[in-house]
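# A closer look at the structure
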Amino acid sequence: MKKSSLVALVLGSLSGVLFALGMCMALIPQWGTFTQGIVVGAVGIILALATLAIWRKMTGMGPVHVSGRTAGLAMLGVAGALLLGVGMCLTMVWNMMVQGIVVGLVGIVLLIILIPLAKGVEEG
């Protein structure tokens, strides 16, 4: 394993744990730690962005160049993930099985479409 991959793995895992813990702290009312949860979650997001910058620097890549295509792909990914999550909530929380499955499948299709749009399709 390359040193850059190890650093990205450790920092990425730490940022994910901090973000998840912060969101749990903010969204579980019994804990009474809403403000602290927001701070911990924000630290997780900042660490994730720092991890991206550190990994790109260690691998010799330049900064991320945001284009219209990149922004569109990111919005498509966010929309797919949100639809998948809403579908799960519909089925598991609100007992709306059919609607949840339909919404979740639309989210899955959007996420699957994202792969060929980002990587392209090759002959072969």
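All values derive from a computational prediction rather than experimental measurement. Starting afresh in each chain, residues are numbered from 1 along the sequence in its written order. In view of the model being predicted, local features appear only for residues whose pLDDT reaches at least 70, and side-chain atom pairs are presented and counted only at 80 or more, with totals across whole chains, interfaces and linings using the full set of residues. Water and hydrogen atoms play no part in the side-chain values, which are based on all heavy atoms of the structure.

## Digging into the overall build of the protein chain
For the protein chain, the helix and strand inventory stands at 4 helices and 0 strands. The way it works is that DSSP assigns letters per residue, a run of H or I at least four long becomes a helix, a run of E at least two long becomes a strand, and they are numbered from the N terminus. Put simply, the protein chain runs from its N terminus to its C terminus through helices and strands in the order α-α-α-α. The size measure is the radius of gyration over C-alpha atoms, and the globule rule it meets is 2.2 Å times the number of residues to the 0.38 power. Compactness check: the protein chain gives a C-alpha radius of gyration of 18 Å against a globular reference of 14 Å for 124 residues, more than 25% above the reference. With the C-alpha coordinates aligned to their principal axes, the bounding extent of the protein chain is approximately 50 × 50 × 30 Å.

## Quick look at the environment of glutamate 122
Residue position: glutamate 122 is located in the segment after helix 4 (97–119). In sequence terms glutamate 122 and serine 5 are 117 residues apart; their C-alpha atoms lie 27 Å from each other.

## Notes on the packing of helix 3 (residues 68–92) against helix 4
At a minimum axis separation of 7 Å, helix 3 and helix 4 run at an interaxial angle of 155 degrees. Put simply, helix 3 runs roughly antiparallel to helix 4. Relative to helix 4, the crossing made by helix 3 is left-handed. For the contact of helix 3 with helix 4, the residue count by class is 18 nonpolar, 8 polar and 1 charged. Axis definition: a line fitted to C-alpha atoms, over the contacting stretch in the case of helices. Angles run 0 to 180 degrees between N-to-C directions. Reported orientations rely on four angle classes, namely roughly parallel under 35 degrees, roughly antiparallel over 145, roughly perpendicular from 65 to 115, and oblique for the rest. What makes a crossing left-handed is the near helix being turned counterclockwise from the far one by less than a right angle; a clockwise turn instead makes it right-handed. Gly counts as polar in this scheme, as do all residues outside two lists: the nonpolar Ala, Val, Leu, Ile, Met, Phe, Trp, Tyr, Cys and Pro, and the charged Asp, Glu, Lys and Arg.

## A few points about helix 3
Expected helix span is taken as 1.5 Å per residue step, with the number of steps being one fewer than the number of residues. Here helix 3 spans 36 Å end to end across 25 residues, near enough to the 36 Å set by a 1.5 Å rise per residue. Exposure categories follow from relative accessible area, calculated using a 1.4 Å probe and restricted to protein chains: below 20% of the type maximum is buried, above 50% is exposed, and the middle band is partly exposed. Among the residues of helix 3, those classed as buried are Leu73, Leu76, Gly77, Gly80, Gly87, Leu90 and Thr91. Throughout, a contact is declared for two residues whenever any of their heavy atoms are within 4.5 Å. Elements in contact with the buried residues of helix 3: helix 4.

## Comments concerning a nonpolar patch on the surface
Residues forming no salt bridge and having over 30% relative accessible area are the ones grouped into patches, like charges within 9 Å of each other and nonpolar side chains (Val, Leu, Ile, Met, Phe, Trp, Tyr) within 5 Å. Computed by Shrake-Rupley with a 1.4 Å probe, the accessible areas treat only the displayed protein chains as cover when residues are assessed. Salt bridge, as used here: a side-chain nitrogen of Lys or Arg that lies within 4 Å of a carboxyl oxygen of Asp or Glu. There is a patch of nonpolar side chains on the surface, built from Met97, Val98, Ile101, Val102, Leu105, Val106, Ile108 and Ile112 and spanning about 720 Å² of accessible area. Following the sequence through the fold, isoleucine 112 ends up in helix 4.

## What about unusual backbone geometry?
If you check the backbone angles, asparagine 95 has positive phi at about 50 degrees while not being a glycine. Examined against the element boundaries, asparagine 95 turns out to sit in the loop between helix 3 and helix 4. The exposure class assigned to asparagine 95 is exposed, which follows from its relative accessible area of 65%.

## Topic: the side chain of threonine 33
Tracing the backbone shows threonine 33 in the loop between helix 1 (3–27) and helix 2 (34–58). Looking at threonine 33, its side chain comes within polar contact range of the main-chain oxygen of methionine 25, at 3.1 Å. With residues up to four places along the chain from it excluded, the contact list for threonine 33 reads Met25 and Ala26. Identification of polar contacts relies on pairs of N or O atoms within 3.5 Å, with a donor-acceptor requirement for protein atoms, meaning one able to donate a hydrogen and the other able to accept it, and with residues adjacent in sequence counted only if both atoms are side-chain atoms.

## Description of the UniProt feature "transmembrane region" (unreviewed entry) in the protein chain
UniProt positions are given in the numbering used here, feature names are shortened, and annotations may be inferred rather than shown by experiment. Under the present numbering, the feature "transmembrane region" (unreviewed entry) in UniProt falls on residues 36–55, 76–94 and 100–118. Helix and strand shares over residues 76–94 are 89% and 0% respectively, and the end C-alpha atoms of the span are 26 Å apart. Strand forms 0% of residues 100–118 and helix 100%; the C-alpha atoms that close the span are 27 Å apart.

## Here's the deal with the packing of helix 1 against helix 2
Helix 2 packs onto helix 1 with a crossing angle of 165 degrees between their chain directions and a minimal axis gap of 7 Å. Considering their axes alone, helix 1 and helix 2 lie roughly antiparallel with respect to each other. In terms of crossing hand, the pair formed by helix 1 and helix 2 is left-handed. By residue class, the composition of the contact of helix 1 with helix 2 is 19 nonpolar, 9 polar and 1 charged.

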